[in-house]
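Observations on the model geometry
This is what each chain is made of:
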Amino acid sequence: MICDIATIHVNGRHRKDLGDIDTLAESISTIGLLHPIVIRPDGTLIAGERRLEAYKRLGHTQIPATIVETLNDVYRALQA
């Protein structure tokens with residue numbers, strides 16, 4: 001699914017330093033986004049804060065996203 005970046009909420013994240021976003025943005029610009037971000041149905045970000053920031057720096061207004069109901073959905077996907 002493609003989501004509007006403006007509708008995504010970043011709440012209570014643990015990572016304080018996002019690292020080298022410019023290099024990630026350059027990679028996304030050259031290769032494309034290899035893994036979509038993960039959000040809840042209400043737009044809360046679960047995974048992909050660095051990818052989201054890189055998309056913003058590239059001037060994009062939309063980003064590919066996987067929507068999951070709960071973190072258990074993510075864990076089940078990882079175990080498959």
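These figures come from a predicted structure and were not determined experimentally. (Residues numbered from 1 in each chain as written. Predicted model: local features only at pLDDT ≥ 70, side-chain atom pairs only at ≥ 80, totals over all residues. Heavy atoms only, no water.)

A few words now on the sheet that holds strand β2 (residues 37–39). Neighbouring strands of a sheet are bound in pairs by backbone hydrogen bonds; such pairs are parallel or else antiparallel. Strands sit in the order β1-β4-β2-β3 across an open sheet of four strands; the sheet is mixed. Since the sheet does not close on itself, it has two edges, and those belong to β1 (2–4) and β3 (45–47), each with one partner. Mean inter-strand twist for the sheet, computed between neighbouring axes without regard to direction, equals 55°. On the sheet, helix α2 (residues 49–57) packs against β2, β3 and β4 (62–67) and is oriented at approximately 160° with respect to β4. (Pairing = 2+ DSSP bridges. Helix = DSSP H or I, 4+ residues; strand = E, 2+ residues; numbered from the N terminus. Axes fitted to C-alpha atoms, helices over the stretch in contact; angles between N-to-C directions. Contact = heavy atoms within 4.5 Å.)

Structurally, the α-helix is built with 3.6 residues per turn, so residues lying three or four positions apart point the same way. Along helix α1 (residues 21–31), the residues that are buried comprise I21, L24, A25 and I28. Angularly, the buried residues of α1 cover 100° about the axis, an arc narrow enough to put them on a single face. Among the exposed residues of α1, those oriented more than 90 degrees off its buried face are D22, E26, T30 and I31. Against α2 lie the buried residues of α1. Measuring from the side-chain oxygen of the N-cap residue of α1 to the backbone nitrogen of D22 gives 3.4 Å; that N-cap residue is D20. A positive phi of about 105° marks G32, the residue just after α1. (Buried < 20%, exposed > 50% of the residue type's maximum accessible area, 1.4 Å probe, protein only. Arc of directions from axis to C-beta. Polar contact = N/O pair within 3.5 Å; in protein donor to acceptor, adjacent residues only side chain to side chain.)

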